[in-house]
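# Close look at the chain arrangement
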Amino acid sequence: MKKNVLQDFDMIGFQESLVQWYKVNKRDLPWRNSQDPYKIWVSEIMLQQTRVDTVIPYFIRFINKYPTIYDLANADSQDVLKQWEGLGYYSRVRNLHHAAKEVVATYNGHVPNEPKKLGALKGIGPYTRGAILSIAFDQPEPAVDGNVMRVISRVLQIDDNTSEPRVKKDFEKYVREMIAKKDPSSFNQGIMELGALVCTPKAPQCHICPVQKYCRAYENDVVEQLPIKAKPKKQKTLQYIVLLIRNANNEYIIEQRPQTGLLADLWQFPMIPVDEIKLDEIEDWIDKNYGVKMVLGEKKGELKHVFTHIIWDLEVFEANTLQMESDSNDWKFVHRRELRAHPFPVSHLNMMNLLS
Ligand code: SF4
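Calculation criteria
- Residues numbered from 1 in each chain as written.
- Predicted model: local features only at pLDDT ≥ 70, side-chain atom pairs only at ≥ 80, totals over all residues.
- Heavy atoms only, no water.
- Core = buried A, V, L, I, M, F, W, Y, C linked by side-chain atoms within 4.5 Å.
- Buried < 20%, exposed > 50% of the residue type's maximum accessible area, 1.4 Å probe, protein only.
- Domains from an automatic or database assignment.
- Contact = heavy atoms within 4.5 Å.
- Axes fitted to C-alpha atoms, helices over the stretch in contact; angles between N-to-C directions.
- Helix = DSSP H or I, 4+ residues; strand = E, 2+ residues; numbered from the N terminus.
- Parallel < 35°, antiparallel > 145°, perpendicular 65-115°, else oblique.
- Nonpolar A, V, L, I, M, F, W, Y, C, P; charged D, E, K, R; others polar.
- Polar contact = N/O pair within 3.5 Å; in protein donor to acceptor, adjacent residues only side chain to side chain.

What follows deals with the nonpolar core. Judged by nonpolar contacts, the single largest core of 94 residues is most densely connected at W41, F62, L156, F187 and F269. Both domain 1 (11-225) and domain 2 (236-354) contribute no fewer than three residues apiece to this core. When residues no more than four places from it in sequence are discounted, the contact partners of F62 are Y38, V42, M46, L72, V80, Q83, W84, V93 and L96.

Pasting the structure below:
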């Protein structure tokens, strides 16, 4: 830890102002009605990289479908993936499902309250571990994500690059010292809530901030300059042709993505990388790679799918085949009305609006 960052900082005053503000101003969110570690865990995983408004209906549906960790552990993986459809970052739900099975098998269905055991579960990193331990088990453990780093970098006026893992570790040490030992749950949630409602990335509302009098960035008029972040790398664009191949039964060819990697296990219409193949070679390419004779039809539209590191540029074409059955394990024909029973990435769900 850097020396002196917390020297002369009024920790008690900061804690009291933050916790008191949180108790009065916290939003009524469905996962806040419970201290059940399973529900808190589900909410924290959903909230990673995803806005609260988006998460609320997913959380309610997920918990209705899997009210206990046993329900989730015993569920079919494709059903679980379907519940997550549209939320993105699908490795989150695969890890959650895997870890739920482990908790049932190893801990008799009780989410472990020891940091080491909890942190060893798949998909539980330091942030989620701290959130579960503090919110469900009242343990004074830090839960530091990007929001928390923004608030703390302003309050303590720290100009280190918050994109560096080493700096994140420093912030965890600061929060571990700052955390209210009497009510760590309200303290951690208070910082998160302050970051979401008041100390926002752009135009923070310092004039109504409950911790303004402790905030060094405010005092020194450098709020707009913090936090320091490295510029994100430019996303790489990948171009694909997507084929909506239909037979006379109104069935479409869909295939399941590999078990690991981007959008693992989800279903999609066949995607052909444009840098490998040209449009006038597509019919031969599909014959060779899918064993399907088809006739390319008209272009139905264009879509984009933006991920963290890449962008898919998708040109969508319809195509027709006389084939009625698949002789491959890699793809299958599915009737149009059955398509939505499978979990699809959002870009391919949107393509269903382009079906004739
Ligand atoms: Fe953030 Fe402004 Fe409050 Fe400081 S005073 S914590 S910069 S909102």
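Right, let's get into the packing of helix α3 (residues 52-65) against helix α5 (residues 77-84). It is at 9 Å that the axes of α3 and α5 come closest, and there the two elements cross at 155°. In terms of orientation, α3 lies roughly antiparallel with respect to α5. Contacts between α3 and α5 involve Y58, R61, F62 and K65 on the former and, on the latter, V80, Q83 and W84. When the residues that make up the contact of α3 with α5 are grouped by side-chain class, the tally is 4 nonpolar, 1 polar and 2 charged.

Okay, helix α9 (residues 146-155) next. Along α9, 8 of the 10 residues are buried, which leaves the element largely enclosed by surrounding structure. Of the residues making up α9, those classed as buried are V148, M149, R150, V151, I152, S153, R154 and V155. Where α9 is buried, its residues touch α1 (11-25), α10 (165-178), α11 (184-197) and α12 (216-219). Between the side-chain oxygen of the N-cap and the backbone nitrogen of N147 there are 3.1 Å, and the N-cap of α9 in question is D145. Phi turns positive one or two residues past the end of α9, at Q157, with a value near 50°.

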